[in-house]
Amino acid sequence: MDWDKLRIFHAVADAGSLTHAGDALHLSQSAVSRQIRGLEESLNATLFHRHARGLILTEQGELLFDATRAMAKRLDTATARIRDSEEEVFGELRVTTTIGFGTLWLAPRLPKLYEKYPDLKIDLMLEERVLDLPMREADVAIRMKEPSQADLIRKRLMSVRMRLYASPDYLDREGRLTRIEDISKHRLICQNPSAAQVSAGARLVQELLSYEVPSLLTVNNYFGALQGVINGLGIGVLPDYLVEDFPTLERVLPEIESQEVPVFLAFPEELRHSKRIGAFRDFVQEEIITHRRHLREQRPDEVDRTK
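Small disclaimer: the values here were computed from a predicted structure and weren't measured.

Calculation criteria
- Residues numbered from 1 in each chain as written.
- Predicted model: local features only at pLDDT ≥ 70, side-chain atom pairs only at ≥ 80, totals over all residues.
- Heavy atoms only, no water.
- Helix = DSSP H or I, 4+ residues; strand = E, 2+ residues; numbered from the N terminus.
- Rg over C-alpha atoms; globule rule 2.2 N^0.38 Å.
- Buried < 20%, exposed > 50% of the residue type's maximum accessible area, 1.4 Å probe, protein only.
- Contact = heavy atoms within 4.5 Å.
- Areas by Shrake-Rupley, 256 points an atom, 1.4 Å probe, with all protein chains shown as cover.
- Lys, Arg positive; Asp, Glu negative; His and termini not counted.
- Charge placed at Lys NZ, Arg CZ, Asp CG, Glu CD.
- Phe/Tyr/Trp six-rings, centres within 6.5 Å; stacked < 30°, edge-to-face > 60°.
- UniProt positions renumbered as here; feature names shortened; annotations may be inferred.
- Pairing = 2+ DSSP bridges.
- Axes fitted to C-alpha atoms, helices over the stretch in contact; angles between N-to-C directions.
- Right-handed = clockwise from strand over helix to strand, strands pointing away.
- Parallel < 35°, antiparallel > 145°, perpendicular 65-115°, else oblique.
- Nonpolar A, V, L, I, M, F, W, Y, C, P; charged D, E, K, R; others polar.

**Student:** Kindly report on the overall build of the chain, identifying the contributing residues and their values.
**Tutor:** For the chain, the helix and strand inventory stands at 10 helices and 12 strands. Its C-alpha radius of gyration of 25 Å places the chain more than 25% over the 19 Å reference for a compact globule of 307 residues. Oriented by its inertia axes, the alpha-carbon framework of the chain measures out at about 80 × 45 × 30 Å. Burial statistics for the chain: of 307 residues in total, 48% are counted as buried. Put simply, 75% of the contacts in the chain that link residues at least 6 apart link residues at least 24 apart. On the chain, roughly 15700 Å² of surface is accessible, and the fraction owed to carbon and sulfur atoms is 49%. Considering the chain, the positive charge centre built from 42 side chains and the negative charge centre built from 48 side chains are found 2 Å apart.

**Student:** Account for the packing of aromatic side chains, with residues named and values stated.
**Tutor:** A complete count under the given rule lists 4 aromatic pairs for this structure. Between phenylalanine 101 and tryptophan 105, the ring centres sit 5.1 Å apart and the planes meet at 20°, which makes this aromatic pair stacked. Taken as a pair, phenylalanine 101 and tryptophan 105 lie in helix H5 (residues 99-106) at a separation of 4 residues, close to a single helical turn. Accessibility assignment for this pair places phenylalanine 101 and tryptophan 105 in one class, buried.

**Student:** Provide a residue-level description of the UniProt feature "domain: HTH lysR-type" (unreviewed entry) in the chain, including the pertinent values.
**Tutor:** Following the UniProt record, the feature "domain: HTH lysR-type" (unreviewed entry) maps to residues 1-58 here. Between the C-alpha atoms that bound residues 1-58 there is a distance of 19 Å. The span itself is 62% helix and 14% strand.

**Student:** An account of the sheet that holds strand S9 (residues 215-218) is needed here, citing residue identities and associated values.
**Tutor:** Pairing in this open sheet of 5 strands is mixed, and the strands run S9-S8-S10-S7-S11 from one edge to the other. Of all strands in the sheet, those bounded by a partner on one side alone are S9 and strand S11 (250-257). Between one strand axis and the next, the sheet turns by 25° as a mean value, whatever way the strands run. Where strand S8 (residues 187-190) meets strand S10 (residues 235-239), 2 bridges bridge the pair, whose relative direction is parallel. Its bridge partner lying in S10, isoleucine 189 is registered against glycine 236. Where helix H9 (residues 222-230) meets the sheet, it contacts strand S7 (162-166), S8 and S10, and its direction lies at approximately 140° from that of S10.

**Student:** Break down unusual backbone geometry for me, citing the residues and quoting the values.
**Tutor:** Of note, asparagine 44 is a non-glycine position whose phi angle comes to about 55°, a positive value. Note on placement: asparagine 44 falls in the loop between helix H3 (29-43) and strand S1 (48-51). Positive phi is not limited to glycine here, since leucine 253 has a value of about 45°. Note that leucine 253 resides in strand S11.

**Student:** Describe the pairing of S9, naming the residues involved and giving the relevant values.
**Tutor:** Alignment of S8 against S9, held across 4 bridges, turns out to be parallel. What sits directly across from isoleucine 189, in S9, is leucine 217. Handedness of the crossover is the feature at issue here: the chain leaves S8, passes through helix H8 (residues 199-209), returns alongside S9, and the resulting connection is right-handed.

**Student:** Tell me about the packing of H5 against H9, and please be specific about residues and values.
**Tutor:** Taken N-terminus to C-terminus, the directions of H5 and H9 make an angle of 60°; their axes are 8 Å apart at the nearest point. Between H5 and H9, the interaxial angle falls into the category oblique. Across the interface between the two elements, Gly100, Thr103 and Leu104 of H5 pack against Tyr222, Phe223 and Leu226 of H9. Here the residues of the contact of H5 with H9 are counted per class, giving 4 nonpolar, 2 polar and no charged.

Now the structure itself:
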């Protein structure tokens, strides 16, 4: 099969238009059309349905597009590895993690990484959905559970627990809690138990809601929940990794906490020798060591249980 025709087919399928594909490939529309027609003839199959608004892949076209998409991802990986053979750390690094960890812990520390590697381009993808690393949806992930794929390199970074926090102003105004039953006199700020989150957090919220909490604010990420807590709206269920950066928060009912949540860094086996991955991994590990040291200094009783 003609590799050049496949390259052009992939561009057309991705763009959904001969004109747009031609612009991307710096070819005329007629040249692109000839290549597609030649590919269809060699396969004895129709790859596109033509209509006034553009092109739609046929069933045979979808099969071929799946193959060229996989080829493109493999080529991207090869290109990254070739670039990483250089001594300098540069280029794009796609990092995925949860909204809470990404906004509250990782993003505030990234200036240190950029200071060391100013030519690095980080695409930070924050979402609760687990992106597929082997399929190159991202280069490296920080996940709140151990990855299940066998072809990933993974390293346990730390452990997290969900705990109860409130602002001193709120507690001065509404009263401090001495037992779990007192939660029924306060507003709870948390994620909805059915929302995408770590299961340990959802279980803690379900337990707290069993005490007939009179007023509730649910937010679909910990960043939003934290804003409510800081502004004195109530008692929040929040991850313990944020206490270093928000030292004014007061822990409520210290005996109440979720089960341990392991935090893993993971990346594809094929990127084992990537200098960008190595630089990011070392940076995160160094920041966690610093984070633990600061916690020991600030709140010796709240140092997370890391391994």
